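This is what each chain is made of:
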Amino acid sequence: MAIKFVCSKPGKKSVKIIRRDDRVMSPSFTREYSFVFKRARGCYIWDVDGRRHLDFAAGIAVMGIGHSNPAVGRAVKDQLKMGTHVGFSDFYAELPVEFVEYAMKFLPKHLDTAFLSNSGTESVEAAYKMARWHTKKKWAVAFKPSFHGRTMGSLSMTNSRPVQRDRFGPFLPVKHSPYPYCYRCPFEKGDHEHHKCTNNYLSELRKTMLECRGDLAAIFFEPISGEGGYIVPPKDFVRGMRELCDEHGVLLCDDEVQSGCYRTGKFLAIENFGVKPDVVSLSKAIGGGVPLGLTVANRKTMDWVPGSHANTFGGNLLACAAGMATLKFMKEKRLGENAQKIGGYIMKRLERTKRDYDIVGDVRGMGLMIGLEIVSDKASKRHGESERSNILCKASEKGLLLLPAGRSAIRICPPLVINKSQAKTGIDILEDAISESC
Ligand SMILES: Cc1ncc(COP(=O)(O)O)c(C=O)c1O
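Residues numbered from 1 in each chain as written. Predicted model: local features only at pLDDT ≥ 70, side-chain atom pairs only at ≥ 80, totals over all residues.

### As for the domain arrangement of the protein chain
Here is step 1 of the chain: Per the domain assignment, the segments of the protein chain are domain 1 (12–65 + 334–436) and domain 2 (70–332).
Here is step 2 of the chain: Computed from C-alpha atoms alone, the centre-to-centre distance between domain 1 and domain 2 is 24 Å.
Here is step 3 of the chain: At the junction of the two partners, domain 1 supplies 29 residues and domain 2 supplies 29 residues.
Here is step 4 of the chain: Going through the elements one at a time, α2 (58–61), α11 (335–356), β11 (360–366), β12 (369–374) and β15 (409–412) are the ones with two or more residues in the side of domain 1 that touches domain 2. (Domains from an automatic or database assignment. Contact = placed C-beta atoms within 7 Å. Helix = DSSP H or I, 4+ residues; strand = E, 2+ residues; numbered from the N terminus.)

Right, here's the structure in full:
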C-alpha cells in the first residue's frame, strides 16, 4: 500500500526511512509530520534531507533546556564512565538520592518523599497506586478532556480522544467530570459569565465525587489541560477543587508531566493558582531528553510498604545524572523567567492575530505553554479541524514545527531557552500560515 505522507512529500532520504518505518513499526502512532530527525541543537532541528526547522514542539514539551544541551551531555558522558545502572530497587546508590534531594528544593516543602520511574504514565501510575494504598479507597476522579498516559491505570483516567480508550476497557474505577473550558462553557447561553461558569464546573465535580459514595481516593488534575487542548482553568476552580478535596478527605494528585519544570514560568504550573497538591507527577522535561519520571508526596501519604511498588529502571544512573544537570541548568539560566518573558511576547503577538483573523477563536496559556484554538469562524466557534491541519502543514513547509492539541487547537511549547528573535521568527511564520489558511 502506498504511504500517505503528512503534508507535502518530504526529501528523498526521509522517504526511504519512512518506508522502512512503515514496514516494521507499530501502526498505532499518529505522526503529525513526515519529518525524519537527523540532529538538533538549542531551538533548531534538522531532518535527514538537511532542512532546518525552528522547533515549537520541543519533542512534545520535553526539551525545555534546548536540544543537545552540552551540560546534560557532559553529565551523561561522565556517568557513563562510572556505570549506567545499579538496580535501585534492590541496591543503594548516592546519585539517585542526590538527584531527589536536589529536585525537592524546587518543590513545596511538604513533598518530601519520592518514587523514581521512566515516563509520564509511570509517574501517574505510581501516584494512582499510592493513593489507593494510602486511602484504602477504590475510586479516582479525573477530567474530560484529560491525558495522563496510556498504561491501564493512567489510561483509565485519560479521556481526551475516543481512539485512546476504544476496545481497551474494562477500566479501573474512575469517574470523569468536565474540565473547566471557559471558551466552550456548556453551562452558559449567550454572554459568558466567568463566575457562574466556575461554580457550575465545581458543582459538577462535587456531584461526581459524591457518586463515589465515600470510596474516593484521589482527584487527578492537569493544571493546564495539555493534550486536551492547552486549556487554562479559572483560578477559582482550582482553589475550589482543593477545598472539595479537603472537605471530603481526598488526595489532590497534580499531573505536571507536561506543565511542570518551569514551562508555565513557575516550577509547577499549579503554583500559578496558589494551590498546594498532595501528590505531584513529573516527567518529560525533567530528564532533559533522557527518560525519567518522578512522583513526590509527603511521607505520611507515601506510606506503602516494601514490595508494594517498585521497578527495574527507576533510579537509573544515566537518567539521574541527566535530571540533575537539567535542573541545575534550568536554575542557573533562570528558564522560568525566560518562559514568562518570551511567553508574554508571544501572547501579545497572538492576541493581535486573534483580532485580525476570524479563524483564531481563542488564545490562552501561561509562560511558554500557549494554545491557539482554530475555528471555522468566531461567531459559530465550530472547530476548525481542516484549517488547523492546513496551518500546521504550511508552517512546517516554511520551517516551523508545531503540534496540535485537542480537536482544533495548536500548541506552542518551544524549548524554554528560546530568545526573542527566535520567538519572533516563529510567530511570523505562524501568522503567514494562518493568513494563507483562511
Ligand atoms: C499531562 C500528561 N500526563 C502524562 C503523560 C504521559 O506521559 P508519557 O507519554 O511519558 O507516558 C503525558 C504525555 O503527553 C501528559 O501530557
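### Describing the site of the ligand
Here is step 1 of the chain: Around the ligand sit 15 residues, and of these G120, T121, G149, V257 and Q258 come closest.
Here is step 2 of the chain: Ranked by residue count, the leading element in the shell around the ligand is helix α5 (residues 120–135), at 3 residues.
Here is step 3 of the chain: Looking at the shell around the ligand residue by residue, the classes come out as 4 nonpolar, 8 polar and 3 charged. (Near = placed C-beta within 6 Å. Nonpolar A, V, L, I, M, F, W, Y, C, P; charged D, E, K, R; others polar.)

### Here we look at unusual backbone geometry
Here is step 1 of the chain: Of note, the amide linkage connecting K144 to P145 takes the cis form, showing an omega dihedral of 0°.
Here is step 2 of the chain: For P145, the location among the structural elements is in the loop between β5 (139–144) and α6 (152–157).
Here is step 3 of the chain: Of note in the backbone geometry, S68 takes a positive phi value of approximately 50° without being a glycine.
Here is step 4 of the chain: At Y230, a position not held by glycine, the phi torsion is positive, near 50°.
Here is step 5 of the chain: With respect to the helices, strands and loops of the structure, Y230 is situated in the loop between β7 (216–221) and α9 (235–248).
Here is step 6 of the chain: With 28 C-beta atoms counted inside 10 Å, the residue Y230 sits in the buried group. (Buried ≥ 20, exposed ≤ 12 C-beta atoms within 10 Å, placed from the backbone.)

### Details of the nonpolar core
Here is step 1 of the chain: Residues A131, A140, I219 and L402 are the most contacted members of the largest nonpolar core, which totals 130 residues.
Here is step 2 of the chain: Here this core takes 11 residues from helix α10 (residues 317–332), the largest share from any one element.
Here is step 3 of the chain: Residues lining this core come from more than one domain, with at least three contributed by each of domain 1 (12–65 + 334–436) and domain 2 (70–332).
Here is step 4 of the chain: Ignoring any residue separated from it by four or fewer positions in sequence, one finds I219 in contact with V141, M241, C245, V250, L252 and C253. (Core = buried A, V, L, I, M, F, W, Y, C linked by C-beta atoms within 7 Å.)

### Quick look at the pairing of strand β3 (residues 52–55)
Here is step 1 of the chain: Inspection of the sheet shows strand β2 (residues 44–47) paired to β3 by 3 bridges, in the antiparallel sense. Its bridge partner lying in β3, I45 is registered against H53.
Here is step 2 of the chain: The antiparallel hairpin formed by β2 and β3 contains 4 residues in its connecting segment, where G50 sits at a positive phi of about 85°.
Here is step 3 of the chain: Relative to strand β13 (residues 400–401), β3 runs parallel, the two being bridged by 2 bridges. Bridged to D55 within β13 is L401. (Pairing = 2+ DSSP bridges.)

### Quick look at the environment of K333
Here is step 1 of the chain: Topologically, K333 is positioned in the loop between α10 and α11.
Here is step 2 of the chain: A residue is classified by how many C-beta atoms lie within 10 Å of it, and K333, with 17 of them, is partly exposed.
Here is step 3 of the chain: Along the backbone, K333 and W139 are 194 residues apart, and their C-alpha atoms lie at a distance of 42 Å.

### Quick word on the packing of helix α4 (residues 94–104) against α10
Here is step 1 of the chain: Direction vectors running N to C along α4 and α10 enclose 30°, while the axes themselves pass 9 Å from each other. The angle between α4 and α10 falls in the class roughly parallel. The two elements α4 and α10 meet at a crossing, and its hand is left-handed. Facing L95, P96, E98, F99, Y102 and A103 of α4, the residues of α10 in contact are L317, C320, A321, G323, M324 and L327.
Here is step 2 of the chain: Each residue belonging to the contact of α4 with α10 can be placed in one class, and the counts come to 10 nonpolar, 1 polar and 1 charged. (Axes fitted to C-alpha atoms, helices over the stretch in contact; angles between N-to-C directions. Parallel < 35°, antiparallel > 145°, perpendicular 65-115°, else oblique. Left-handed = near helix turned anticlockwise from the far one by under 90°.)

### Points about the packing of helix α3 (residues 70–82) against α10
Here is step 1 of the chain: In contact at an axis separation of 8 Å, α3 and α10 are set at 150° when each is read in the N-to-C sense. By the angle class used here, α3 and α10 are roughly antiparallel. Seen along the crossing, α3 lies across α10 with a hand that is right-handed. Across the interface between the two elements, A71, V72, A75, V76, Q79 and L80 of α3 pack against L317, L318, A321, A322, M324, A325, T326 and F329 of α10.
Here is step 2 of the chain: Its residues placed into classes, the contact of α3 with α10 shows 12 nonpolar, 2 polar and no charged.

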